[in-house]
Amino acid sequence: MVSARCQSLIDSVKDRSCTVGIIGLGYVGLPLIDAFTNAGFRCLGFDVDSKKVESLKRGESYIKHIDSTKIAGWLKRELFDATDDMTRLGEPDALLICVPTPLDDARDPDLSYVVGTCEYIAAAIRTGQLVVLESTTYPTTTRDVMVPILERSGLKAGSDFFVAYSPEREDPGNPEFSAAGIPKVVGAINDDSLQCAGELYKSAVAAIVPVSNCEVAEAAKVLENIYRAVNIALVNELKTLFDSMGIDVWEVIDAAKTKPFGFHAFYPGPGLGGHCIPIDPFYLSWLARKQGLNARFIELAGEVNRAMPDYVVSRTAEFLNEFRKPVRGSKICLAGVAYKRDVDDPRESPSFELMELLLRRGADLSYSDPHVPKLPHMRHFDLPPMESQELTPEYLSSLDAVLIATDHTAFDYPMMVQHAPLVIDTRNATASVTRFRDKIRKT
Ligand SMILES: NC(=O)c1ccc[n+]([C@@H]2O[C@H](COP(=O)([O-])OP(=O)(O)OC[C@H]3O[C@@H](n4cnc5c(N)ncnc54)[C@H](O)[C@@H]3O)[C@@H](O)[C@H]2O)c1
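Quick caveat, the model's predicted, so the values are computed rather than measured. (Residues numbered from 1 in each chain as written. Predicted model: local features only at pLDDT ≥ 70, side-chain atom pairs only at ≥ 80, totals over all residues. Heavy atoms only, no water.)

**Description of a nonpolar patch on the surface**
Then, number 1: Taken together, the side chains of Leu-241, Met-245 and Ile-247 define a hydrophobic patch exposed on the protein surface, amounting to about 270 Å² of accessible area.
Then, number 2: Structurally, Leu-241 can be placed in helix α8 (residues 214–245).
Then, number 3: Note on Leu-241: relative accessible area 39%, which makes it partly exposed. (Patch = residues over 30% accessible without salt bridge, like charges linked within 9 Å, V, L, I, M, F, W, Y side chains within 5 Å. Areas by Shrake-Rupley, 256 points an atom, 1.4 Å probe, with all protein chains shown as cover. Salt bridge = Lys/Arg side-chain N within 4 Å of Asp/Glu carboxyl O. Helix = DSSP H or I, 4+ residues; strand = E, 2+ residues; numbered from the N terminus. Buried < 20%, exposed > 50% of the residue type's maximum accessible area, 1.4 Å probe, protein only.)

Now the structure itself:
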């Protein structure tokens, strides 16, 4: 039996009179709007970045793999509006928070965006609203960080308004999965909050996975990302061992993954990238440290993964050496600065560290990335301004080496291998190239 306030929200979800407010209109927020507008809900998007708000109001996307026609469609159906006016946070019936949760300079969780958002909400909240955190974070954030700020409004969480946590599972650039097609874990601070959040998500996504409380949902999200970070570290370490034994790690993984049970393939690379895997595990290790506990797997995986750019640059020096060339003065083009295939997102990409290390060793460096036309300024890296080079046969043959850091499908790998004197491949992107294989070095 739910309270009358909770029932009223559930009814508004069922009859689609419920308006959904999405706070943070980035890689997570926009696909969520797509899922909710497709399910017939009116969405009001909030972002502190007024340029993003203006762009969306014009029907223009600023994220490459989210097509502008989608946004134009939301506007045309009159199901979407966007604003940077946080005093309007009292308007929607449900508020879904999708703001960044990065690490600070000491590599500790930086919850300033979540806290800032909750302060805005506390100033505008009204009875009957549902507030859900979607941002990745450590267990206890929803109950111990969010709720006290929201209750500064004078309203009581769980009865005057409802609070839940439902982590996002976006896989940007992967057309196989849309936000609506991925089951969503939902945990809440009490049963009414779970009923409200469950009903809302159930109407927009394929399936929901209700769990006992928000701490379980928060922990499930960090488990998913720690699982990836640790397994990637494992294959990265095995790559360095197999490299020195003259065994091709890619062929090993391909062989191992024919086992129909008990093995899931992870692949090595030049280092971890993106806003999740290099960051989220440390939210939990920070919490563990605070409680006097030791998250050894997380710390070890971080150590192994962080060492990969250095390893790749050392191997690059060895491969150039084979061709009687030093790194200093060699013309090296780094192919791919986005952190993963076919996206334009450079956040935490290992390419920036590779570039910095190569420049430090005196390489004559350029880069090519069809999705990143200009090298963005990154807070932790000091790189000169550069523009993406087109990989023409002439350009490739003027180089000493191409270093493949991201395996975009837009690259013409056979042409790359044909014309570049040396191709160093950290992604096995040249696996199907049949000619001139003597010029390929994998690492
Ligand atoms: N990108 C992914 O694939 C992905 C997947 C799963 C989980 N996540 C998590 O989701 C969260 C959001 O990630 P993202 O990739 O969408 O980030 P993003 O940087 O693409 O978008 C976040 C948006 O929030 C806005 N913002 C910041 N502070 C705000 C505030 N106080 N009020 C309103 N807007 C504010 C920013 O301007 C930005 O537009 C993070 O916790 C991330 O770890 C991301």
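**Let's talk about the sheet that holds strand β3 (residues 80–83)**
Then, number 1: Strand order across the open sheet formed by eight strands is β3-β2-β1-β4-β5-β6-β7-β8, with mixed pairing between neighbours. One side of each edge strand has no neighbouring strand; the edge strands of this open sheet are β3 and β8 (208–210). Strand after strand, the sheet turns through a mean of 25 degrees between neighbouring axes, direction not considered.
Then, number 2: Here five bridges tie strand β1 (residues 19–23) to strand β2 (residues 42–46), and the two strands are oriented parallel to one another. If you follow Val-20 over to β2, its bridge partner there is Cys-43.
Then, number 3: Packed on one face of the sheet, helix α6 (residues 141–150) meets β4 (94–97), β5 (130–133), β6 (162–165) and β7 (184–188) and runs near 150 degrees to β6. (Pairing = 2+ DSSP bridges. Axes fitted to C-alpha atoms, helices over the stretch in contact; angles between N-to-C directions. Contact = heavy atoms within 4.5 Å.)

**What about helix α1 (residues 4–14)?**
Then, number 1: Inspection of α1 places Cys-6, Leu-9, Ile-10, Ser-12 and Val-13 among the buried residues, and these make up the whole buried set. Along the long axis of α1, the arc covered by the buried residues comes to 160 degrees, so they all point the same way. Seen from the open side of α1, the exposed residues pointing more than 90 degrees away from its buried face are Ala-4 and Lys-14.
Then, number 2: For α1, the secondary structure elements touched by its buried residues are β5, β6 and α7 (191–202). (Arc of directions from axis to C-beta.)

**Looking at the site of the ligand**
Then, number 1: As a matter of local geometry, the ligand sits amid 27 residues, with Val-28, Asp-47, Lys-52, Thr-101 and His-275 nearest to it.
Then, number 2: Contact between the ligand and Thr-101: an oxygen atom at 2.6 Å from a side-chain N or O atom of the residue.
Then, number 3: Bound to the protein, the ligand loses 92% of the 840 Å² it would expose on its own. (Near = heavy atom within 4 Å. Polar contact = N/O pair within 3.5 Å; in protein donor to acceptor, adjacent residues only side chain to side chain.)

**A closer look at the nonpolar core**
Then, number 1: Formed by 43 residues in total, the largest nonpolar core has its most connected members in Ile-97, Ile-121, Val-131 and Met-146.
Then, number 2: Only β2, β4, α5 (112–124), β5, α6, β6, α8 and α10 (280–290) provide two or more residues apiece to this core.
Then, number 3: Residues in contact with Val-131, not counting those within four places in the same chain, are Leu-95, Ile-97, Ile-121, Ile-125, Met-146, Leu-150, Phe-161, Phe-162, Val-163 and Ala-164.
Then, number 4: Counting residues in hydrophobic clusters, the runner-up holds 41 residues, among them Ala-39, Cys-43, Cys-98 and Ala-188. (Core = buried A, V, L, I, M, F, W, Y, C linked by side-chain atoms within 4.5 Å.)

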